[in-house]
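Coordinates in review
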Amino acid sequence: MKSLVVYYSRTGNARFVAETIAAEVGADVEEVLDLKKRSGPLGFLGGGSDARRGKETEISQNIKSPTGYDLIIVGTPVWASRPSPAIATYLRKNDLSGKKVALFFTQGGKKPAAVEQTKALIPNSEFIGQLSLVNPLTTKDESEKQIVEWCKTLVS
Ligand SMILES: Cc1cc2nc3c(=O)[nH]c(=O)nc-3n(C[C@H](O)[C@H](O)[C@H](O)COP(=O)(O)O)c2cc1C
């Protein structure tokens, strides 16, 4: 099964998860860049506001087209209880119909969030699983174990 991990990360947590998954399942990786400034306090506020309103943003051009893959694993930080604008935009722009899709989330709070809003963006995909992790960079070893276990459920 040819797999692609697609992610956006502002501060590295989702990147860590994406790279761990890719190493585990032998997937290619596509990082989505948000071309809007998201750093600093204003970037934080604007990001939360854009996510809450479901506003699209400008993202980098795909390097790898998802067309040639069977499984797409999509990861995003949770912003305002929603997917980041970069990943919401990616999912609107790229048709993942008929593909197996798994979702992962990194977040500050403990209660899983943004799952339903993100699933709503892949209505014609075969949804095969989800993983939510609380700032995994702060508990790298424990998170890595969880990610490895989750990967087994995707490829079994
Ligand atoms: C604009 C903004 C909004 C956020 N909103 C939430 C939220 O609603 N719930 C939550 O649990 N964490 C929230 N967070 C925290 C991030 O989801 C969390 O730190 C995540 O692990 C960051 O991933 P990253 O390092 O890949 O960017 C927010 C962070 C930002 C920057």
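Residues numbered from 1 in each chain as written. Predicted model: local features only at pLDDT ≥ 70, side-chain atom pairs only at ≥ 80, totals over all residues. Heavy atoms only, no water.

Once that is clear, we can look at the environment of tyrosine 7. In this fold, tyrosine 7 is placed in strand β1 (residues 3-7). For tyrosine 7, a relative accessible area of 2% corresponds to the buried category. Remark: the alpha-carbon pair of tyrosine 7 and leucine 103, spanning 96 residues in sequence, is separated by 9.7 Å. Ignoring sequence-local partners within four residues, the contact set of tyrosine 7 consists of Ala14, Arg15, Ala18, Glu19, Val29, Glu30, Glu31, Val32, Gly75, Ile87 and Phe104. (Helix = DSSP H or I, 4+ residues; strand = E, 2+ residues; numbered from the N terminus. Buried < 20%, exposed > 50% of the residue type's maximum accessible area, 1.4 Å probe, protein only. Contact = heavy atoms within 4.5 Å.)

Attention shifts here to the site of the ligand. Neighbouring the ligand are 18 residues; Ser9, Thr11, Val78, Gly109 and Asn135 lie closest to it. Contacts to the ligand include arginine 10, whose backbone N or O atom sits 2.8 Å from an oxygen atom. Here an oxygen atom of the ligand sits 2.7 Å away from a polar atom, N or O, in the main chain of alanine 14. Of all the secondary-structure elements, those providing two or more residues to the shell around the ligand are α1 (13-25), α2 (40-52), β3 (71-79) and β5 (100-107). It is β3 that provides the largest number of residues to the shell around the ligand, a total of three residues. The residue makeup of the shell around the ligand, split by class, is six nonpolar, 11 polar and one charged. (Near = heavy atom within 4 Å. Polar contact = N/O pair within 3.5 Å; in protein donor to acceptor, adjacent residues only side chain to side chain. Nonpolar A, V, L, I, M, F, W, Y, C, P; charged D, E, K, R; others polar.)

Glancing now at a negative patch on the surface. A contiguous patch of negative charge on the surface is contributed by Glu24, Asp141, Glu142 and Glu144. Considering every element that reaches the negative patch, the biggest residue donor is helix α5 (residues 140-155), with three residues. (Patch = residues over 30% accessible without salt bridge, like charges linked within 9 Å, V, L, I, M, F, W, Y side chains within 5 Å. Areas by Shrake-Rupley, 256 points an atom, 1.4 Å probe, with all protein chains shown as cover. Salt bridge = Lys/Arg side-chain N within 4 Å of Asp/Glu carboxyl O. Lys, Arg positive; Asp, Glu negative; His and termini not counted. Charge placed at Lys NZ, Arg CZ, Asp CG, Glu CD.)

A separate point is α5. Spanning 16 residues, α5 covers 23 Å between terminal C-alpha atoms, matching the ideal 22 Å at 1.5 Å per step. Of the positions making up α5, those classed as buried are Ser143, Ile147, Trp150, Cys151 and Leu154. In a view along the axis of α5, the buried residues occupy a sector of 110°, so they form one face of it. More than 90 degrees from the buried face of α5, the exposed residues found are Asp141, Lys145 and Thr153. Contacts from the buried residues of α5 go to α1, β3, β5 and β6 (126-134). (Expected span 1.5 Å × (residues − 1). Arc of directions from axis to C-beta.)

Moving on, we come to the nonpolar core. Among the nonpolar cores identified, the biggest contains 25 residues, and Ile72, Val74 and Leu91 are the most heavily contacted of them. Secondary-structure elements contributing two or more residues to this core are β1, β3, α3 (85-93) and β5. Sort the elements by how many residues they give to this core and α3 lands first, with five residues. Once residues within four sequence positions are removed from consideration, leucine 91 is found in contact with Val74, Leu96, Thr118, Leu121 and Ile122. Counting residues in each nonpolar core, the second largest holds 20 residues, with Ala14, Leu71, Ala102 and Cys151 among its members. (Core = buried A, V, L, I, M, F, W, Y, C linked by side-chain atoms within 4.5 Å.)

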